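Structure at a glance
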Amino acid sequence: MNINGVQIDATFAEAFPMRATRVIITAQNLKWAYHAAQAMTGFATSVIACGCEAGIERELDPSETPDGRPGISALIFAMGGKSLAKQVETRAGQCVLTSPTSALFAGIHEGEKIPLGKNLRFFGDGFQISKRANGKRYWRVPVMDGEFLCEDTTAMVKAVGGGNFLVLAESQPQALAACEAAIEAMRKIPNVIMPFPGGVVRSGSKVGSKYKALSASTNDAFCPTLKGQTKTDLSPEIESVMEIVIDGLTDEDIKKAMRVGIEAACSLGAENGIRRISAGNYGGKLGPFLFHLQEIMA
Amino acid sequence: MTALTFTLKAELKQRVDVSPLTPDRLADKPAGEIGAELLQYGNRQVRADELFSIEGQDSDRLVFRGSRKLDYVGRGMSRGEIRVEGDAGSYLGMQLKGGRIVVDGSVDAYAACEMKNGEILIRGDAGDFLGACLPGNKKGMAGGVVIVKGSAGDRVGDHLRRGAILIEGDAGSYLGSRMTAGTIAVLGTVGDHLGYAMNRGTVLLARKPASLPSTFNDCGTHTLGFIPLLLRGYQGLETRFSEMSDTLKRVRRYAGDMCALGKGEILVAVR
């Protein structure tokens, strides 16, 4: 398959099951909602060492938020329910509770409940107040700038993590430009996040390592500087490879995001040095969800 | 199907307990059995069809052509709707678990007392002890929403535990007395001894009261984000409070009653 001179490899991306929730962060204005949301979703690129993968899904108009203020919706993914609950609570407490004018609400209501403000309320030292509205419980926690308003729980759903594709280009700037175009298009798709910095990862990994202590290591087959040193997957003209990793609430969401992302990357075409689109195929070792690139782009 | 309608055949001489006439208890009953339901009328029991002419079939929707002597309308019901055309007596919606009661006129004391859930809309006035508990009990209304388009009497929300009482007219004395939690909101004036012995909960007033008990302490003026959230929650209900989510945010907060637990609050709207 070839789109605009860009070869689409006959391969697939492998993804694995995760647990996820959505939270809504509001504030006096979008600037402060972003501060809280960026803090909450910071250091959350990969479950390998961050404990969760998180990202901003989109901006919310005041008409879309529970308290009628500007807001941000963020998605948080973890490998299991317990770890997700721990990450959500820790990040809510350290990043949103602390952020001026913020309020925190559940963005998913159907599913198994995990605490949001349920335990954070104790920060109120007995002055916290419970309120019920619309059948949901909220906590008003007195803080120095007024009150921190937080929904009691959010709901956790089954989700998919690790959808991906690789952009292979003739130079590093060209690879990055294609990835930036892809991310811009993918950010319009609901229910997905691209958790790496700017949505792009340059250190794609393979499963395993020569060092026994490591479960993952550099994907040497796609490292351009190792073309003559390892069993490479790169042709001579490829000088840079970048990856976009996608976590989504369903595999359909990931497919949609991959499709628009690959389309956007390919729109730059071979004349801009974009040569191939491939994917992190680990021979079925990584997870049960397989996203065949050519099927998605058909 | 038309609503199952109970029309009084003659003016009542005694009070009548209509608690057996609810959608739960009349479900799937043939007309004959509904007419044979025994109602307490003064000091004796009479068949429902002795007092009422009964028309219609839909037992999920009941209509009473009302009287001030109809007590216990919708007591303990969990689903369906009861509409009272005219007034109703005492204990309307007592221990209501779900469903909706609409009264076109006014009601007497103890409406919504010990109510658990559901919705009560009173287009006229409500008597004393709205949303309270029965005398001697400690647990008042514990959920649901009560809307009074007119005014309410004394002791509204006595021992209130959860839920909301929204009064668009005035409220009498001892509003929110001994409240454990929940919300009472009033657009009009309120009487003396506001929040007497209040432990927790919120009384939201659109107008500054004539006086506040000395056992409530001024906490200053604040813009509280939960108020629009709370008021938006009433959208879809027939209440003016749902339209105030953009205007009613800034309040003066008084905490008390310091003679009790002291974790309640009276919020007075600031224009």
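Residues numbered from 1 in each chain as written. Chains lettered and ligands numbered in written order. Predicted model: local features only at pLDDT ≥ 70, side-chain atom pairs only at ≥ 80, totals over all residues. Heavy atoms only, no water.

Attention now moves to the overall build of chain A. The helix and strand inventory of chain A stands at five helices and 17 strands. Taking all 298 residues of chain A together, 52% fall into the buried category. Intrachain contacts of chain A at a sequence separation of at least 6 include 74% that bridge at least 24 residues. Positive and negative side-chain charges in chain A, numbering 31 and 31 respectively, have mean positions lying 6 Å apart. (Helix = DSSP H or I, 4+ residues; strand = E, 2+ residues; numbered from the N terminus. Buried < 20%, exposed > 50% of the residue type's maximum accessible area, 1.4 Å probe, protein only. Contact = heavy atoms within 4.5 Å. Lys, Arg positive; Asp, Glu negative; His and termini not counted. Charge placed at Lys NZ, Arg CZ, Asp CG, Glu CD.)

Attention now goes to the sheet that holds strand 4 (residues 44-47) of chain B. Residues and elements named next belong to chain B. Pairing is mixed across the open sheet formed by four strands, whose spatial order is 4-3-2-7. A single partner strand is all that each edge strand has here, and the edge strands are strand 4 and strand 7 (70-71). Bridging between strand 2 (residues 16-17) and strand 7 involves two bridges; their strand directions are parallel. The partner of Val-16 across the bridge, within strand 7, is Leu-70. (Pairing = 2+ DSSP bridges.)

So, on to the domain arrangement of chain A. Residues and elements named next belong to chain A. According to the domain assignment, chain A consists of domain 1 (2-14 + 160-297) and domain 2 (18-157). Taken together, the contact between domain 1 and domain 2 spans 13 residues of the former and 15 residues of the latter. Interface area lost by domain 1 to domain 2 is led by Ile-193, Pro-195 and Leu-249, which between them contribute 45%. There are zero salt bridges connecting domain 1 and domain 2. Linking domain 1 with domain 2 are two residue pairs in polar contact (both at pLDDT 80 or more), by the criterion used here. Across the side of domain 1 that touches domain 2, the residue classes break down as eight nonpolar, three polar and two charged. (Domains from an automatic or database assignment. Buried area = accessible area lost by both parts, 1.4 Å probe. Salt bridge = Lys/Arg side-chain N within 4 Å of Asp/Glu carboxyl O. Polar contact = N/O pair within 3.5 Å; in protein donor to acceptor, adjacent residues only side chain to side chain. Nonpolar A, V, L, I, M, F, W, Y, C, P; charged D, E, K, R; others polar.)

Another point: the packing of helix 1 (residues 30-40) of chain A against helix 2 (residues 81-96) of chain A. All names here are of chain A. Contact pair helix 1 / helix 2: the axes reach a minimum separation of 9 Å and the direction vectors enclose 140 degrees. On the basis of the axis angle, helix 1 is oblique to helix 2. Here the hand of the crossing between helix 1 and helix 2 comes out right-handed. When helix 1 is examined against helix 2, the residues Ala-36, Ala-39 and Met-40 are found in contact with a partner set consisting of Val-88, Arg-91, Ala-92, Cys-95 and Val-96. For the contact of helix 1 with helix 2, the class distribution of residues is seven nonpolar, no polar and one charged. (Axes fitted to C-alpha atoms, helices over the stretch in contact; angles between N-to-C directions. Parallel < 35°, antiparallel > 145°, perpendicular 65-115°, else oblique. Left-handed = near helix turned anticlockwise from the far one by under 90°.)

Moving on: the interface of chain A and chain B. Contact with chain A, which involves 17 residues of that partner, is made by 17 residues of chain B. Linking chain A with chain B are one salt bridge. Here Arg-140 of chain A and Glu-265 of chain B are joined by a salt bridge, their closest N and O atoms 2.5 Å apart. For the side of chain A that touches chain B, the secondary structure elements donating two or more residues are strand 8 (129-133), strand 9 (136-143) and strand 10 (146-151) of chain A. In terms of residues, the side of chain A that touches chain B owes the most to one element, strand 8 of chain A, which gives four residues. Across the side of chain A that touches chain B, the residue classes tally to seven nonpolar, five polar and five charged.

The subject of this paragraph is the packing of helix 3 (residues 172-186) of chain A against helix 4 (residues 251-268) of chain A. All names here are of chain A. For the pair helix 3 and helix 4, the least separation of the axes is 8 Å and the interaxial angle reads 140 degrees. When the interaxial angle is binned, helix 3 and helix 4 end up oblique. Where helix 3 crosses over helix 4, the handedness of that crossing is right-handed. When helix 3 is examined against helix 4, the residues Ala-177, Ala-178, Ala-181, Ala-182, Ala-185 and Met-186 are found in contact with a partner set consisting of Ala-257, Val-260, Gly-261, Ala-264, Ala-265 and Leu-268.

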